[in-house]
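Per-entry structural report
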Amino acid sequence: MKVEQLKLQTQRVAPSPLLQDNTPNRLLSNDGKPSGELIDRSRTVRFSFDGREYAAHPGDTIASALAAAGVKVLSRSFKYHRPRGLLCCAGHCPNCMVQVGDEPNVRACRTPVQDGMDVRPQNAWPSLERDVMSLTQLGDRFLPPGFYYKTFIRPRFLWPVYEHTLRLAAGLGIVNRDSHAGDFGKQFLHADVAVIGGGPAGISAARAAAERGARVSLFDENSKLGGHQRFNGDHSSADGFALMLGAHSNINVLTDTTVLGWYDDNWLAAVRDSRLFKIRARSLVVATGAYEMPLVFDNNDLPGVMLGSAVQRLLHLYGVVSGKRTVTVTANDDGWQVAADLYHAGVEIAAVVEERQRVHCSSPLATELSRDVPVYWGHTIRAARGNGAVRGAVVDGRTIDCDLIVVSVGWTPATDLIHQAGGKSAYNIARGEILPSMFPPGVYAAGRAVGTHDVRAQMSEGQFAGRNAASFAGFGDAPTQAELASLAQQKPFESPRTSTRVQVAGSQKRFLCYCEDVTDHDLEISVAEGYDNIELLKRYSTISMGPCQGKMCALNTIHLCARANHTTVRETGTTTARPPIIPVKLGALAGQNLEPVQLTSVHEWHRAHGAKMMVAGLWLRPEHYGDATAEVKAVRERVGLIDVSTLGKFKLTGPGVPNLLERIYINQWRKLGVGRVRYGAMCNDEGVVLDDGVCAHLDAQEWYMTATSSGANAIFEWIQWWLQSGWGDGVHLTNLTEVFSAFNLAGPHARAVLQKLTTFDVSNDAFPYMHIRLAQVAGVPCRLMRIGFTGELSYEIHVPSGYGLHVWEALMDAGNDFGIAPFGVEAQRVLRLEKAHIIVGQDTDAISDPLSADLGWAVKMDKADFLGKRSLARISAEGPKQRLVGFKMTRRDLVPDEGLQIVAPKSDGKLQIIGHITSSRFSPTLGEAIGLCWVPAELAAKQGAPFTIRMNGKLEKARVHHGAFYDPEGERLRM
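Keep in mind the model is a prediction, meaning the values are calculated, not measured.

A few points about the sheet that holds strand S19 (residues 348-354)
Spatial ordering of the open sheet is given by S17-S24-S18-S19-S20, a layout of five strands whose pairing is parallel. Each edge of the open sheet is held by one strand with a lone partner, namely strand S17 (305-307) and strand S20 (375-377). Here the average twist between neighbouring strands, direction ignored, is 20 degrees. Relative to S20, S19 is paired through three bridges, and the arrangement is parallel. Considered in S20, the bridge of Val352 is made with Val375. Contacting S17 and strand S24 (404-408), helix H8 (residues 308-318) runs over the sheet at an angle of about 85 degrees to S17. Packed on one face of the sheet, helix H9 (residues 333-344) meets strand S18 (325-330), S19, S20 and S24 and runs near 175 degrees to S19.

A short note on the confidence of the model for the protein chain
A low pLDDT means the predicted coordinates there should not be read in detail. On average, the protein chain scores 91 in pLDDT, and the residues at 70 or more come to 95%. Within the model, pLDDT remains below 50 along residues 1-22, and this stretch shows 53 contacts once partners closer than five positions in the same chain are excluded.

A short note on the side chain of Ser741
Among the structural elements, Ser741 can be located in strand S39 (residues 740-746). Exposure remark for Ser741: the relative accessible area of 2% places this residue in the buried category. Here Ser801 takes part through its side chain, which lies 3.2 Å from a polar atom of the side chain of Ser741. In contact with Ser741, other than residues within four places in its own chain, are Ser601, Ser645, Lys649, Ile797, His798, Val799, Pro800, Ser801 and Gly804.

Topic: the pattern of salt bridges
Using the criterion set out here, one finds 41 salt bridges in the structure. With its nearest N and O atoms 2.7 Å apart, the salt bridge here joins Asp520 to Arg510. With Asp520 in helix H14 (residues 520-528) and Arg510 in the loop between helix H13 (481-490) and strand S29 (511-513), the pair connects residues that are ten residues apart, well separated along the chain. Residue Asp520 shares its accessibility class with Arg510, and that shared class is buried. Each of the salt bridges in this network shares a partner with another, and the network as a whole consists of Arg82, Arg84, Asp301 and Asp517.

Structural notes on a nonpolar patch on the surface
A cluster of nonpolar residues, Trp125, Val132, Leu135 and Leu138, forms a patch on the protein surface that exposes about 500 Å² of accessible area. When you line up the elements, Val132 lands in the loop between strand S9 (117-120) and helix H3 (147-151). Given the relative accessible area of 42%, Val132 is considered partly exposed.

The rules behind each value
- Residues numbered from 1 in each chain as written.
- Predicted model: local features only at pLDDT ≥ 70, side-chain atom pairs only at ≥ 80, totals over all residues.
- Heavy atoms only, no water.
- Pairing = 2+ DSSP bridges.
- Helix = DSSP H or I, 4+ residues; strand = E, 2+ residues; numbered from the N terminus.
- Axes fitted to C-alpha atoms, helices over the stretch in contact; angles between N-to-C directions.
- Contact = heavy atoms within 4.5 Å.
- pLDDT = per-residue confidence, 0-100.
- Buried < 20%, exposed > 50% of the residue type's maximum accessible area, 1.4 Å probe, protein only.
- Polar contact = N/O pair within 3.5 Å; in protein donor to acceptor, adjacent residues only side chain to side chain.
- Salt bridge = Lys/Arg side-chain N within 4 Å of Asp/Glu carboxyl O.
- Patch = residues over 30% accessible without salt bridge, like charges linked within 9 Å, V, L, I, M, F, W, Y side chains within 5 Å.
- Areas by Shrake-Rupley, 256 points an atom, 1.4 Å probe, with all protein chains shown as cover.

Here is the structure:
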């Protein structure tokens, strides 16, 4: 279907009743659906935008449907809130970002319309047509680059007001925190060759690599393959290229998929809607095409100023014309093709404004169109005229009436991935483009990404790039030097397609960066203020730091920066390309949780008995069963049972275990007798506390170790590392974390409950504190340890997980006569805090050493060597600067939040932060608020020393407390 067969609906046929009011710019075909269109003309759907209802066809994007309905303004700009309309229609600019339901910053030109969709404009109040914030344009002289640094620093006491105002003005869409989080997923892919881009070059590369036996994954951001041939009207060729891949079963094609970035060893990240792909490829072919660049002239952001490729996308993919009367501004043959497409679609061409002289234009379309269309040779546009939308174009001193200005003056190769992989680019003066000049091993490129616009040359380049990539991956031979020389000789001459005239002087705003509302004048001010390096200029002016990430403004910025510095474009260089290439949903990056939540053997029992579950490491644990305070009292007064199956559990065997333990723990182990248990803490090389737990000596060559729930996997890997480094003669390490369930039976009646289920003597004489025994409980062989994290008589019972529920229920039944109650993590935290026991990772952080964290009693500096000894020796000699210590609140009922600041006055009377709260709870046993905190060592040394906590804008008093708050002598543990 040729474009000549398309005519404006309003001119050729009577519009259908459904579409008459809402789609004045939709084209209809004389004989059915034109080839290449993405819409289904046989059906319609309804959606709303800015409170008004519109019609669309399935396959329409939000942008194409609104353009068909004649809607010009889709959004307001970030800084000045100027009206903005469609510009690129490729998802590369910020102009079409809208809110869809609860989702902000949706690109209207990339999002398909759905029936009933609620679309709203962003960054506009009270309405899109009348935005109060647009008044900021009146004070633009007070808003130069970096104005927020210069304006809002004095007076300092007004900063909270400034901050609040700036936060209200910043941002685009609105985040609804109560909305559904969405369903996101991740998928891993492997390929010998990854091809990025599904145009002629990419398809040729994929086919060439597949023919040599390589597994190929081809990625394209569009819904159909074909690349630029899709939107320039050559649909039959695009379909033919796509069919070339059909015979190759080892080519995996993923459309609607954008590759976000390149990482070490050809590790690629890509996204398709809510799915994140992690791709490992042996080699890579970049055939990503090019971005069309705007021109900088007065009012170049008016709705109705569009890139030529955007106009072609709307015309050929959706049957939509963007205006009734147009001025085409060009500096290459592509612009003439756009003008011809519009002309044959029935659009009035008011003028073609060609920067080149007639003798330098070889396009046959110029000869054809110049018979009927005024052509301004050797000219360019000076300004766009209109209030809220284009009404005219200023050319050669006169204003030409029009409602559409088409700009087609140049291209920027999409080299982001090449640069991320370590490739380099250089400015090609003859072509006016920054083209790749160096590629890292295993990375190849073809097509518009390297500046080649001729389709046959793109195919040849793609074929050679595919062969190179396949050869690098181990499939076939690479092209010979003779073949490469032949390719270079056969490549046709291409005239420059990119103008070096990126800026046209004028008296009104000329926008360089559409994302941040940065003008060419802003750039000149930034350079004059000393931000003349391209990287500094980017950060100071915020050019290219918005949603488009420089796609629309990078090349123009480099040119203008070079001009302002009186240097060359080559000397100016480019900014650093970093992933992601396009904005991506945070949910897609987070994805689904690939680490499955683990459940203990009694998980269903907990749920059946009303437990509120919480995540602890990879596990679900009961936080409480409805009343944590009652659970604390049950343990202190009667007996309680907690599921501690989530603890890390490791078996160590071999004659070298004691030597290994001596080196990975800070305390001593060689003299620990069989049947004994000892608490231990581990440090890294820098003396930072890693984890803690207990270790039991079962027999001559077998030891049983526990670690914290959150640190279990890390500690298992940590010990393995040192074993493989040569430590531990003949030591074998086995992870038993899931093999054994574990329950802690605690309270004054714990012994009586346990004795009902075993024939083993669990009396204090037969089974003392800090010992381990092997015994049957409820008929199941178990490991029993007398330890006391809760501060009461307690037995930790480790049972094979297959019998976990059986033993748990037996313990609960045996405890009925004693008022047994299950207790959860919250009660456990209160109980341990009453004993001033620390939790590694909560009361410590990434710089906490044991000497400062109240674990100095466990550090044995007289050992030959252990991890962290050198660092601890220095700290011991110098003395800790901060210490972890207990505290009590002066107001007994006032519980400070964890993380609050501890402050003290400086010499000038102002407050300074001297510490923070790590743990705090109200103790039902003591009837007062207690906790742990970090304070200066000299303050921590004084029992009862007062200090101040900043809390809810007030200063509250607390006092230092040494040792356990409850049963400081530990008598109840040993009863």
